[in-house]
Amino acid sequence: VQLQASGGGLVQAGGSLRLSCAASERTFSRYRMGWFRQAPGKEREFVAAIKWTGDTTVYADSVKGRFTISRDNAKNTVYLQMNSLKPEDTAVYYCAAGSNWGNTIAVRTGNYDYWGQGTLVTVSS
């Protein structure tokens, strides 16, 4: 599965962005999809994940209530709507695909088999 993330950019604090991640295969609907981010000098961290059915999601505490993950299996695409952005949200954002579901499974980078190239989000204060 090839993943292509897009939608990053420069935004002021308090603003919004929507990231998209398009998958190359129709088997997209079988995968758990996740968003991770990596700030300069820091480890990659979990942001949000969604089950293949689209009816179950999990979020990092730092983004809960501000970010929303969703998917459109007909378009082989997963989205991350980011509202009320803060300077500490600045990072390269990666989408990823994996099998199986469980909250503890979804939050770990090692449980994802495929990764996109990343898209940079910069939030200015």
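Everything below is about the structure printed above this text.
Residues numbered from 1 in each chain as written. Predicted model: local features only at pLDDT ≥ 70, side-chain atom pairs only at ≥ 80, totals over all residues. Heavy atoms only, no water.

Moving on: the environment of Arg26. With respect to the helices, strands and loops of the structure, Arg26 is situated in the loop between β3 (17-23) and β4 (32-38). You can call Arg26 exposed: its relative accessible area is 78%. (Helix = DSSP H or I, 4+ residues; strand = E, 2+ residues; numbered from the N terminus. Buried < 20%, exposed > 50% of the residue type's maximum accessible area, 1.4 Å probe, protein only.)

Glancing now at the pattern of salt bridges. Inspection of the entire model under this criterion finds four salt bridges. The partner of Asp61 in a salt bridge is Lys64, with the nearest N and O atoms 3.1 Å apart. Relative accessible area serves as the criterion here: at 66%, Asp61 is assigned to the exposed category. Salt bridges sharing partners connect three or more residues here, namely Arg37, Glu45, Arg66 and Asp89. (Salt bridge = Lys/Arg side-chain N within 4 Å of Asp/Glu carboxyl O.)

Attention shifts here to the pairing of strand β7 (residues 67-72). Across the two faces of β7 the burial differs, with Phe67, Ile69 and Arg71 buried and Thr68, Ser70 and Asp72 not buried at all. The pairing of β7 with strand β8 (residues 77-82) spans six bridges and is classified as antiparallel. Note on β8: the bridge partner recorded for Thr68 is Gln81. Turn length for the β7-β8 hairpin, with the two strands adjacent in sequence and antiparallel, is four residues, and the turn residue Asn76 shows positive phi of about 55°. (Pairing = 2+ DSSP bridges.)

Quick look at the pairing of strand β9 (residues 91-98) now. Most of β9 sits inside the fold, with seven of its eight residues counted as buried. Direction of pairing for β4 relative to β9: antiparallel, over a ladder of seven bridges. The residue bridging Gly34 from the neighbouring strand is Ala96, located in β9. As paired strands, β9 and strand β11 (residues 119-124) are joined by three bridges and run antiparallel to one another. If you follow Tyr93 over to β11, its bridge partner there is Thr119. Where β9 meets strand β10 (residues 114-115), two bridges bridge the pair, whose relative direction is antiparallel. From the neighbouring strand, Ala97 faces β10, where its bridge partner is Tyr114.

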